[in-house]
Amino acid sequence: LNTEEIISVRELLALGRNTKIEVKIGSTLVNQFFVQPNEEFLKSMVKTTMANIYRYLQNKKNIDLLIERY
């Protein structure tokens, strides 16, 4: 994606042997979820995360258009 901010994906240790994925744009958390060893689950989380990223970027673009700069 072509954005002005950096999109970061981090894998963090969670409870026990679980891991958690965090997706951030700049310092804003867009999505987070615990990883499951199921390919269908991971594919659905990718779709959900991409939709959240797209929605965040669209909202930011709309807000930037509303702000008057002097």
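Attention here is on the structure that accompanies the text.

So, how was this worked out
Residues numbered from 1 in each chain as written. Predicted model: local features only at pLDDT ≥ 70, side-chain atom pairs only at ≥ 80, totals over all residues. Heavy atoms only, no water. Helix = DSSP H or I, 4+ residues; strand = E, 2+ residues; numbered from the N terminus. Rg over C-alpha atoms; globule rule 2.2 N^0.38 Å. Buried < 20%, exposed > 50% of the residue type's maximum accessible area, 1.4 Å probe, protein only. Contact = heavy atoms within 4.5 Å. Areas by Shrake-Rupley, 256 points an atom, 1.4 Å probe, with all protein chains shown as cover. Lys, Arg positive; Asp, Glu negative; His and termini not counted. Charge placed at Lys NZ, Arg CZ, Asp CG, Glu CD. Pairing = 2+ DSSP bridges. Patch = residues over 30% accessible without salt bridge, like charges linked within 9 Å, V, L, I, M, F, W, Y side chains within 5 Å. Salt bridge = Lys/Arg side-chain N within 4 Å of Asp/Glu carboxyl O. Core = buried A, V, L, I, M, F, W, Y, C linked by side-chain atoms within 4.5 Å.

1. Remarks on the overall build of the protein
Piece 1. Counting its secondary structure elements, the protein contains one helix and three strands.
Piece 2. Sequence-ordered secondary structure for the protein, helices as α and strands as β, is β-β-β-α.
Piece 3. On C-alpha atoms alone, the protein measures out to a radius of gyration of 15 Å, which is more than a quarter above the 11 Å that the 2.2 N^0.38 rule sets for 70 residues.
Piece 4. Looking at the protein as a whole, 19% of its 70 residues qualify as buried.
Piece 5. Taking the intrachain contacts of the protein between residues at least 6 apart in sequence as the baseline, contacts between residues at least 24 apart amount to 17%.
Piece 6. When the accessible area of the protein is evaluated, it comes to approximately 5,900 Å², of which 55% is carbon and sulfur surface.
Piece 7. In the protein, 10 positive and 8 negative side-chain charges are present, and the distance between their average locations comes to 4 Å.

2. Brief notes about the pairing of strand β1 (residues 7–13)
Piece 1. Bridge count between β1 and strand β2 (residues 19–25): seven bridges; the pairing is antiparallel. What sits directly across from I7, in β2, is I25.
Piece 2. Hairpin remark: β1 followed by β2, antiparallel, with five residues in the connecting loop; positive phi at G16, about 65 degrees.

3. Examining a nonpolar patch on the surface
Piece 1. Nonpolar side chains collect at one region of the surface, where L1, V46 and M50 lie side by side and expose about 320 Å² of accessible area between them.
Piece 2. Within the secondary structure, M50 sits in helix α1 (residues 39–66).
Piece 3. On the accessibility criterion, M50 (42% relative accessible area) is partly exposed.

4. Focus: the side chain of N52
Piece 1. Along the chain, the position of N52 falls in helix α1.
Piece 2. Among the residues examined, N52 registers a relative accessible area of 18% and is labelled buried.
Piece 3. Once residues within four sequence positions are removed from consideration, N52 is found in contact with V30 and N31.

5. With respect to the pattern of salt bridges
Piece 1. A complete count under the given rule lists three salt bridges for this structure.
Piece 2. With a shortest N-O distance of 3.9 Å, E22 and K20 are connected by a salt bridge.
Piece 3. Taking the relative accessible area as the measure of exposure, E22 reaches 12% and is therefore buried.
Piece 4. One salt bridge connects K43 with E39, and the closest N-O pair in it is separated by 3.3 Å. Taken as a pair, K43 and E39 lie in helix α1 at a separation of four residues, close to a single helical turn.
Piece 5. Overall, the relative accessible area of 54% leaves E39 in the exposed class.

6. Some details on the nonpolar core
Piece 1. Listed in full, the eight residues of the largest apolar core are I21, V23, I25, V30, F33, F41, M45 and I53.
Piece 2. If we skip the residues at most four places from it in the chain, F41 touches F33, F34 and Q36.

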